[in-house]
Amino acid sequence: MASSSSSGLTFKLHPLVILNISDHYTRVKSQFIVNSGADSPPQPPRVFGCVIGVQRGRTVEIFNSFEFLYDPSTQSLDRAFLEKKQELYKKVFPNFYILGWYSTGSDAQESDMHSHRALMDINESPLYVLLNPSINHAQKDLPITIYESELHIIDGIPQLIFVQASYTIETVEAERISVDHVAHLKPSDGGSAATQLAAHLTGTHSAIKMLNSRIRVLHHYLLAMQKGEIPCENSLLRQVSSLLRRLPTIESEKFRDDFLMEYNDTLLVCYLAMFTNCSSTMNELVDKFNTAYERHSRRGGRTAFI
């Protein structure tokens, strides 16, 4: 496997793809542990799926993903299931195409090339997204690797090999809201709401403390520059002046109007969600009453009145 790709393509990966692959692996792993029933079960099976998105020129943007049925032992792909999923996605996202596939593991394996070749009739140059489910606390980068396939001559024989490609994380407003919501969910390890609030306030206090220390350093630097203790730097003064000019913008009338408009829109969406939830609950309750009265009417001759 080569170290880096030379295709010149720019890859943009959306967080929804990472969440989908992680959710797929978590579900399969939980089901595998329950079915094995052992205290130290073996490694759960790998998961497989397709990644979809759009390609505009030399830019490939991966928006979403879905699962497909693949048997690693026989290296067979359920074509009927894949075509059905592709047809359903085309109805909702007509501009999305299958860009490649995904799987889990620490590194690309030789058997992965069989899965890669199976998708070449759909996309002549599919990409391979690999998620490493192993937890490494020392690693700061995302455990996601994107591979392309290139034809290389090895020992006089042309062979397809995986080459690693660089990528960037691209988000839209809906994804940022979703990721922020997931990040603030109540922990499942039994932590109370007070513990969660304390952790949030501690993080906020640390951020404010760091901001205060940086402002203090900048203030001391400007005082020393005013007293002539250090030489005057016009470029730094221009940056400070530009930063200070941004402060009054949040006090303008336009900002207040825009803020109130966004705030009211958010409240309206919350109210709409509450009404929808209440309507759904009421519909379920009415259905239960109708079912109960229909059964009662068969025995006593009455009819349902709801």
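Here the structure is a predicted model, which is why all the values come from computation and not from measurement.

Rules of the game
Residues numbered from 1 in each chain as written. Predicted model: local features only at pLDDT ≥ 70, side-chain atom pairs only at ≥ 80, totals over all residues. Heavy atoms only, no water. Salt bridge = Lys/Arg side-chain N within 4 Å of Asp/Glu carboxyl O. Helix = DSSP H or I, 4+ residues; strand = E, 2+ residues; numbered from the N terminus. Buried < 20%, exposed > 50% of the residue type's maximum accessible area, 1.4 Å probe, protein only. Core = buried A, V, L, I, M, F, W, Y, C linked by side-chain atoms within 4.5 Å. Contact = heavy atoms within 4.5 Å. Pairing = 2+ DSSP bridges. Right-handed = clockwise from strand over helix to strand, strands pointing away.

Draft legend 1. Inspection of the pattern of salt bridges at higher detail. Applying the stated criterion across every chain, the model contains 5 salt bridges. One salt bridge in this structure joins Arg27 and Asp23, with 2.9 Å as the shortest N-O distance. Here Arg27 and its partner Asp23 are both found in helix H1 (residues 15-36), 4 residues apart, which amounts to about one turn of the helix. Here Arg27 falls in the partly exposed class, since its relative accessible area comes to 40%. Residue classification places Asp23 among the partly exposed positions, given a relative accessible area of 41%. Across the pair Arg27 and Glu67 runs a salt bridge, and its minimum N-O distance is 2.3 Å. Of the two residues, Arg27 sits in helix H1 while Glu67 sits in strand S3 (residues 59-67), which places them 40 residues apart along the sequence.

Draft legend 2. The arrangement of the nonpolar core in detail. Residues Cys50, Phe68, Leu82, Leu119 and Tyr128 are the most contacted members of the largest nonpolar core, which totals 21 residues. Residue assignment for this core shows that the elements contributing at least two residues are strand S2 (48-56), S3, strand S6 (97-104), strand S7 (127-131) and strand S9 (157-165). Counting residues per element, this core draws most heavily on S2, which supplies 4 residues. Apart from residues lying up to four places away in sequence, Cys50 is in contact with Asn64, Ser65, Phe66, Phe68, Leu82, Ile98, Gly100, Trp101, Tyr102 and Leu119. Counting 18 residues, the second largest nonpolar core, distinct from the first, contains Val17, Val60, Leu99 and Leu131.

Draft legend 3. Inspection of the pairing of S7 at higher detail. Counting buried residues in S7 gives 5 out of 5 residues, a clear majority hidden from the surface. Strand direction decides the pairing type here: S6 and S7, joined by 5 bridges, are parallel. If you follow Gly100 over to S7, its bridge partner there is Leu127. At this point the chain moves from S6, through helix H3 (residues 112-118), to the parallel S7, and the crossover so formed is right-handed. With 4 bridges joining them, S7 and strand S8 (residues 144-154) adopt antiparallel strand pairing.

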